[in-house]
Amino acid sequence: MDKRLLTIQDISCVGQCSLTVALPIISACGIETAILPSSVLSNHTAKGFTGWTFCDLTQEMPKIMERWLTEKIDFDAFYTGYVSKAQIPYILDIMNKVARKGALKIVDPAMADGGKLYAGFDEDFPKEMAKLCSIADVVMPNITEASLLTGCEYKAEGYDKDYIEGMCKKLHEMGAKNVIITGVSFEKSKLGCVTFDGNKFNYYFTERIDVAMHGTGDIYASVVAGSLMRGKTLDEAAGLAADFVCECIKKTIDDKDHWYGVKFEKAIPYLVKRLEA
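Residues numbered from 1 in each chain as written. Predicted model: local features only at pLDDT ≥ 70, side-chain atom pairs only at ≥ 80, totals over all residues. Heavy atoms only, no water.

**Considering the environment of K170**
1) Next: By secondary structure assignment, the location of K170 is in helix α6 (residues 161–174).
2) Next: Along the backbone, K170 and V40 are 130 residues apart, and their C-alpha atoms lie at a distance of 34 Å.
3) Next: Ignoring any residue separated from it by four or fewer positions in sequence, one finds K170 in contact with T150 and C152. (Helix = DSSP H or I, 4+ residues; strand = E, 2+ residues; numbered from the N terminus. Contact = heavy atoms within 4.5 Å.)

Encoded structure:
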């Protein structure tokens, strides 16, 4: 039986992020990808657009799950992204009831960046997200999210390995079996991530491309999810995801009109080739 992954996150109809990234990237990894939109937006909410529509789909989640139970639909893996506080109990229930044996739970706790929570999340949100992270096989926060989940002081720069590894250990102690912290940098020219499996740490760095582009975190998490489902190790998946994000940025950086995301579609052949290696 082919592997089937369910990804649960919002869908911005335009904007190359969330589900419009996850579905094609994980599919390109050769994994059947089912989706459960947490909300539908006309476009993403980052700087550049003047407004957006928003439709909350929280109340649809239990109805959809009941239909899946009736149809005997189940999943080998779950990958969550941007979700609301009210949706977390439903997601935990879904992961419990429609999982195949040994199903992988991958959590991107998409809730904050640059030292602060995203608009719309209150100060209690990290406590709720921690419940989801506590049952994860893989959790993938950035430094801001890791600090909020663990109660550690947020440091934008000037931190050392002890700081990063201390948050990894705390996330593991919370219940996450494997940890990836993204956005790690100890020198200005390099940017990367660290993985922790409860025993060892592994760092992976790429060149720092000094631009900020929307959706790269979603792209990173999607490549990790797809790569793990293809049998890659945690370290291999984390490194490939970092390389792919760089490739996507390079495909986009010279097009000043393409400000709302990155041209990940142009880099998919690179991803497929790397997966086959």
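**A look at the sheet that holds strand β10 (residues 190–196)**
1) Next: Taken in spatial order, the nine strands of this open sheet run β3-β2-β1-β4-β5-β8-β9-β10-β11, and their pairing is mixed. Each of the sheet's edge strands pairs with one partner strand only, and the pair in question is β3 (54–56) and β11 (201–207). (Pairing = 2+ DSSP bridges.)

**A look at the side chain of T58**
1) Next: Within the secondary structure, T58 sits in the loop between β3 and α2 (60–71).
2) Next: Among the residues examined, T58 registers a relative accessible area of 5% and is labelled buried.
3) Next: Beyond its immediate sequence surroundings of up to four residues, T58 is in contact with S38, S84, A86, Q87 and Y90. (Buried < 20%, exposed > 50% of the residue type's maximum accessible area, 1.4 Å probe, protein only.)

**So, unusual backbone geometry**
1) Next: For Q16, which is not a glycine, the phi torsion comes out positive at approximately 45°.
2) Next: Its place among the elements puts Q16 in the loop between β1 (4–12) and α1 (18–28).
3) Next: The exposure class assigned to Q16 is buried, which follows from its relative accessible area of 10%.
4) Next: Backbone geometry places S18, a non-glycine residue, at a positive phi of 45°.

**Points about the pairing of β11**
The two faces of a sheet get side chains in turn, since along a regular strand they alternate between them.
1) Next: Looking at chain direction, β10 and β11 are connected through seven bridges and run antiparallel. When the sheet's bridge partners are listed, L191 is paired in β11 with T206.
2) Next: What sits between the antiparallel neighbours β10 and β11 is a turn of four residues, in which G198 has the positive phi angle 100°.

**Description of the side chain of E128**
1) Next: Relative to the assigned elements, E128 resides in helix α4 (residues 125–133).
2) Next: Residue classification places E128 among the buried residues on the basis of a relative accessible area of 19%.
3) Next: The residues touching E128, leaving out its near neighbours within four places in the chain, are K85 and I88.

**Topic: the pattern of salt bridges**
A side chain of one charge can pair with a side chain of the opposite charge if their charged atoms are brought near each other.
1) Next: All told, the structure shown has 14 salt bridges when counted by the stated rule.
2) Next: Here D74 ties to R100 by a salt bridge, and the two come within 2.7 Å at their closest N and O atoms. Taken together, the positions of D74 in the loop between α2 and β4 (75–80) and R100 in strand β5 (residues 99–107) put the pair 26 residues apart, joining distant regions of the chain.
3) Next: Take D74: its relative accessible area is 26%, and that puts it in the partly exposed class.
4) Next: With a closest N to O distance of 3.1 Å, E128 and K131 form a salt bridge. Highlighted residues: E128 and K131, both in helix α4, separated by three residues, approximately one helical turn.
5) Next: Taken together, the shared-partner salt bridges connect D74, D76 and R100 into one network. (Salt bridge = Lys/Arg side-chain N within 4 Å of Asp/Glu carboxyl O.)

**Concerning the nonpolar core**
1) Next: Formed by 44 residues in total, the largest nonpolar core has its most connected members in L6, F78, M129, I164, M167, V179 and I181.
2) Next: In contact with M167, not counting residues within four places along its chain, are I143, A146, S147, T150, C152 and I181.
3) Next: Listed in part, the 41 residues of the second largest apolar core include A77, M140, A225 and M229. (Core = buried A, V, L, I, M, F, W, Y, C linked by side-chain atoms within 4.5 Å.)

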